[in-house]
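What follows is the residue order along each chain.
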Amino acid sequence: MKLAILTTETPHHIYFTEQMADLFGNLQIILETGSVGSQRYETYHPYENIRDEFERGRWFSGRDPSFVVLCQ
């Protein structure tokens with residue numbers, strides 16, 4: 001089975017993609033690399049840093065995850 005995954009490079013997306021690669025093997029990963037337009041208001045929230053730190057510790061032993069490792 002071939003799968004295409006449209007995603008952003010966040011720790012939880014990398015983790016889920018790694019799990020899918022283990023189950024299905026053949027994945028095509030398409031990364032969103034830019035934003036569509038700009039917002040007139042702030043969209044960042046400090047929760048995002050807390051979430052990313054937790055996910056790095058939970059699933060990646062503190063290392064910075066990357067799709068580059070998955071694609072090798």
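Structure: above.
Residues numbered from 1 in each chain as written. Predicted model: local features only at pLDDT ≥ 70, side-chain atom pairs only at ≥ 80, totals over all residues. Heavy atoms only, no water.

Notes on unusual backbone geometry
And step 1. Look at Ser61: it is not a glycine, yet its phi comes out positive at around 50°.
And step 2. Mapped onto the elements, Ser61 comes out in the loop between helix 2 (47-59) and helix 3 (67-70).
And step 3. Looking at Ser61, the relative accessible area reads 74%, which means it is exposed. (Helix = DSSP H or I, 4+ residues; strand = E, 2+ residues; numbered from the N terminus. Buried < 20%, exposed > 50% of the residue type's maximum accessible area, 1.4 Å probe, protein only.)

Comments concerning the pattern of salt bridges
Oppositely charged side chains can form a pair if their charged atoms are brought close together.
And step 1. Enumeration according to the criterion identifies two salt bridges in this entry.
And step 2. Here Asp52 and Arg51 are joined by a salt bridge, their closest N and O atoms 3.1 Å apart.
And step 3. When the shortest N-O distance is used, the salt bridge between Arg56 and Asp64 registers 2.9 Å.
And step 4. Using a relative accessible area of 23% as the deciding quantity, one classes Arg56 as partly exposed. (Salt bridge = Lys/Arg side-chain N within 4 Å of Asp/Glu carboxyl O.)

Some words on the pairing of strand 2 (residues 27-31)
And step 1. In the sheet, strand 1 (residues 3-7) pairs with strand 2 via five bridges, with the strands oriented parallel. Its bridge partner lying in strand 2, Leu3 is registered against Leu27.
And step 2. One crossover worth recording links strand 1 to the parallel strand 2 by way of helix 1 (residues 11-24), and it is right-handed. (Pairing = 2+ DSSP bridges. Right-handed = clockwise from strand over helix to strand, strands pointing away.)

Section: helix 2
Each full turn of the α-helix corresponds to 3.6 residues, which orients residues three or four apart in the same direction.
And step 1. With 13 residues, helix 2 extends 18 Å from end C-alpha to end C-alpha; this agrees with the ideal 18 Å at 1.5 Å per step.
And step 2. Ser61 occupies a position one or two residues after helix 2 and carries a positive phi of about 50°. (Expected span 1.5 Å × (residues − 1).)

Here's the deal with a nonpolar patch on the surface
And step 1. Among the surface-exposed residues, Met1, Met20, Leu23 and Phe24 lie close enough to one another that they form a single nonpolar patch of about 450 Å² accessible area.
And step 2. Along the polypeptide, Met20 turns up in helix 1. (Patch = residues over 30% accessible without salt bridge, like charges linked within 9 Å, V, L, I, M, F, W, Y side chains within 5 Å. Areas by Shrake-Rupley, 256 points an atom, 1.4 Å probe, with all protein chains shown as cover.)

What to know about the packing of aromatic side chains
And step 1. As enumerated under the stated definition, the model contains three aromatic pairs in all.
And step 2. With a centroid separation of 6.0 Å and 55° between ring planes, the pair formed by Phe16 and Trp59 is classed as tilted. Residue Phe16 is located in helix 1, and its partner Trp59 is located in helix 2; the two are separated by 43 residues in the primary sequence.
And step 3. We classify Phe16 as partly exposed; its relative accessible area is 44%.
And step 4. Connected via pairs of aromatic rings, a cluster forms that spans Tyr15, Phe16 and Trp59. (Phe/Tyr/Trp six-rings, centres within 6.5 Å; stacked < 30°, edge-to-face > 60°.)

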